[in-house]
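Listed below are the residues making up each chain.
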Amino acid sequence: MSSKSINAIVILTGAGISAESGLGTFRDKDGIWTKVNLEDVATPEGFARDPVMVHEFYNSRRQNLQNAEPNAAHKALARLEAEFDGDVTIVTQNVDDLHEKGGSKNIIHMHGELLKIRCGNCGSVREWLQDLSQDIPCPACNTHGFLRPHVVWFGEMPLLLCDIEPALSNCDLFLSIGTSGNVYPAASYVSQVRQLGRARSVELNLEPSEGATLFDECIHGPATEIVPAFVDQLLA
Ligand code: APR
């Protein structure tokens, strides 16, 4: 497929694009949710029940992320954004900053960002690289016990949906990279794009996702191999 007939590309990414950077995925055989119960660490109820455990879970992921590097797939998407003559929007389910580190600029973090925290009292959001605990007061409103990772938990509303919907409606190429298609609304985006009938949809994943049959084309393999190759073809 050449990029001649394409004006706008939306790229949905999931944990699989960061797997080769050493960050865990969730539902693979040794994924994060096979080691810790998501109800305990990725729900508001879990945080209310045991905030210490939740802070420990995100503190170790936050530290781990700061040693991780973007891989060839992240860098290929940044090259696409830099060289493609049209819009490239990354809609990521990932809370890591590897798209930013890889050089991408137009990124929508629909599940929040691991290197940011939010105050449950005043709503302020700020970058935060060190460990978080209940004893740390909010730098904005000075209350204790309300600071939490700026990450969307199960049962909470994903972020920036108002930015995602127009991008999906406007795109003529929709790529889905490194996601199992298990979590909504992200898993519905390929159907939304199909219904609009404008865009070609391509899945680039290690193996067929839950929604694989909905895509016009599926390319399976490690992201660091298939994503740069796909970008080369697009930019040819
Ligand atoms: N290259 C390409 N794809 C890969 C690779 C790789 N090296 N390694 C794994 N994958 C694929 C897997 O085959 C799987 O389909 O990445 C996908 C990862 O799926 P999940 O672990 O379910 O992660 P994701 O789809 O991002 O989860 C969505 O669920 O837990 C919530 O909020 C969390 O954002 C996350 C959401």
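Just so it is clear, the structure is predicted and the values come from calculations on it, not from any experiment.

## Comments concerning the domain arrangement of the chain
Partitioning the chain into domains gives domain 1 (1-22 + 70-111 + 158-236) and domain 2 (24-67 + 113-151). Here the C-alpha centroids of domain 1 and domain 2 sit 26 Å apart. Connecting domain 1 to domain 2 are zero salt bridges. Applying the counting rule to domain 1 against domain 2 returns two residue pairs in polar contact (both at pLDDT 80 or more). The element best represented in the side of domain 1 that touches domain 2 is helix H6 (residues 98-102), accounting for three residues. Looking at side-chain class alone, the side of domain 1 that touches domain 2 contains six nonpolar, six polar and five charged residues.

## Some points on the pattern of salt bridges
Inspection of the entire model under this criterion finds seven salt bridges. For aspartate 232, the salt bridge goes to arginine 79, with nearest N and O atoms at 2.9 Å. Note that aspartate 232 is positioned in helix H9 (residues 223-235) and arginine 79 in helix H5 (residues 72-83), a separation of 153 residues in sequence. Under the relative-accessibility criterion, aspartate 232 is labelled partly exposed at 43%. Between lysine 116 and glutamate 113 there is a salt bridge, with the nearest N and O atoms lying 3.0 Å from each other. Relative accessible area serves as the criterion here: at 28%, lysine 116 is assigned to the partly exposed category.

So, how was this worked out
- Residues numbered from 1 in each chain as written.
- Predicted model: local features only at pLDDT ≥ 70, side-chain atom pairs only at ≥ 80, totals over all residues.
- Heavy atoms only, no water.
- Domains from an automatic or database assignment.
- Salt bridge = Lys/Arg side-chain N within 4 Å of Asp/Glu carboxyl O.
- Polar contact = N/O pair within 3.5 Å; in protein donor to acceptor, adjacent residues only side chain to side chain.
- Helix = DSSP H or I, 4+ residues; strand = E, 2+ residues; numbered from the N terminus.
- Nonpolar A, V, L, I, M, F, W, Y, C, P; charged D, E, K, R; others polar.
- Buried < 20%, exposed > 50% of the residue type's maximum accessible area, 1.4 Å probe, protein only.

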